[in-house]
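# Working through the structure, step by step
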Amino acid sequence: MLFDELAEKWIDSIGERVRKTTLCTYRASLSRAMRYLEGKEIGDITGQDLRAMEDGLIQGGGSYQTARLLFNVVRLSLGYAVEEGLLSSNPAERYTPDRGSYRQTEKTQAAAPMDVTSLIKSYPFLHPYHMPLELLYGAGLRTGEMLGLTWDHVDLKYGCIHVVRQLVRQDANRYRLMPLRSANLVRDVVIDNELKRKLARWRSDQKMRGILKRNEKDALVCIETDGSPINYGRFTYALRKKGFTPQSLRRAYEENARAVTSLLQEKLSIGEIRLLQEAALSESGRIAYEASRP
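Note that the structure is a prediction, hence the values are computed from the model and not measured.

## Quick look at the environment of Asp-44
- Relative to the assigned elements, Asp-44 resides in the loop between helix H2 (20-37) and helix H3 (47-59).
- In this structure the C-alpha to C-alpha distance between Asp-44 and Leu-2, which are 42 residues apart in sequence, comes to 9.5 Å.

## Describing the sheet that holds strand S1 (residues 154-155)
- Pairing in this open sheet of 3 strands is antiparallel, and the strands run S1-S2-S5 from one edge to the other. Two strands lie at the open edges of the sheet, namely S1 and strand S5 (187-190), each paired on one side alone.
- Alignment of strand S2 (residues 160-163) against S5, held across 4 bridges, turns out to be antiparallel. The residue bridging Ile-161 from the neighbouring strand is Val-189, located in S5.

## Quick look at the pattern of salt bridges
- The full count for this structure, using the stated rule, is 12 salt bridges.
- For Glu-145, the salt bridge goes to Arg-142, with nearest N and O atoms at 3.4 Å.
- When the shortest N-O distance is used, the salt bridge between Asp-152 and Arg-165 registers 4.0 Å. With Asp-152 in the loop between helix H7 (143-147) and S1 and Arg-165 in strand S3 (residues 165-171), the pair connects residues that are 13 residues apart, well separated along the chain.
- Note on Asp-152: relative accessible area 38%, which makes it partly exposed.
- A single salt-bridge network, built from bridges that share partners, covers Glu-134, Glu-194, Arg-197 and Lys-198.

## What about the packing of H2 against H3?
- At their nearest, the axes of H2 and H3 sit 10 Å apart, and the two run at 115 degrees to each other. Crossing of H2 against H3: the hand is right-handed. Each of Ala-33, Tyr-36 and Leu-37 in H2 lies in contact with H3, whose residues at this interface are Asp-49, Ala-52, Met-53, Gly-56 and Leu-57.
- Taken together, the residues of the contact of H2 with H3 sort by class into 6 nonpolar, 1 polar and 1 charged.

What counts as what
- Residues numbered from 1 in each chain as written.
- Predicted model: local features only at pLDDT ≥ 70, side-chain atom pairs only at ≥ 80, totals over all residues.
- Heavy atoms only, no water.
- Helix = DSSP H or I, 4+ residues; strand = E, 2+ residues; numbered from the N terminus.
- Pairing = 2+ DSSP bridges.
- Salt bridge = Lys/Arg side-chain N within 4 Å of Asp/Glu carboxyl O.
- Buried < 20%, exposed > 50% of the residue type's maximum accessible area, 1.4 Å probe, protein only.
- Axes fitted to C-alpha atoms, helices over the stretch in contact; angles between N-to-C directions.
- Left-handed = near helix turned anticlockwise from the far one by under 90°.
- Contact = heavy atoms within 4.5 Å.
- Nonpolar A, V, L, I, M, F, W, Y, C, P; charged D, E, K, R; others polar.

Treat this as a map of the structure, not an account of what it does.
Spelled out as C-alpha cells, the structure:
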C-alpha cells in the first residue's frame, strides 16, 4: 500500500472521533508529508526517509512546532498500518525531530501600554471588539478563552473570572464551547475594579438590548451586535491591521502583572502577598469554580 493511500484510510478511520478543526490540521500536516512520501510503499519507508523529510523541513525554514506535528501525524498513520496488520513495525515510532536544528520562533513583544490604550479607545464602548480587547489586556485571557467566556463564570461581586472553557469554531456558522486543552490552564483570574465596572456596564447593556435573558446559562460575554459569537479570524485580522496581535496584548498584561508583583514585594513579605491573593477569591467563587469543572 502506498503512503498516500494509507493516509486517506487513516483519516477516514478517525473522522468521527476527532473535531473538524483537528481533522483539518492533520490533513494539512499530511499534505506536507506527501511532498516526501507520496508514491512510496509504506513497507519501504525507513529512518533515512524520515531524516530526508526533516532535512527538507529545516532547509525550507520550518519551525520545530510544525515538524513535531508533522512527525506525530506520520507516526499515527503508520501506527494505524501496524494495527491493521499492514506493517510489522512502525519506522517513525521512536523518531524525534532535532529541536536545535530548526529556526527559533521569535518571542512576541509586549504592546506598549499607551499604544494599547489608544487601540481600545479606537473601538468605542458599545463596539463588539471593545470588551474582547479589555479582557485580553486587563485579564490576560487567551483568545479562545476570551471568546468562550460566559457570564456564569464572571463573578462581579468579588472581581474574579473563572477560566474553564474556550470557544471552538466547528464550521462556517457553528461554534462549540469546549474544555481547555490542558487542566493546567484552568484557573481563576482576579480583575481590578475598573474592569469589574466595565463588565457590569457591558452586561447591563446586553440585558437592555434583550441579548442577555434572565437566568440564561452559557451566555457569551463577547458577542457581535446581533448576539452571535465573535469571528476569530475577523477579530485577529482587525488587530493585525492596527499592528497588534492577541499575544502582544497578553504579553503586556503579563509584564504589568510582574511589575505590580515586584512593587508589592518591596513593601510586603511573600506570606502577606499570598494572603492577599487568597483573600481576593471568595468561598462562593471557589464553589462556582468547582461546579464548573467537568
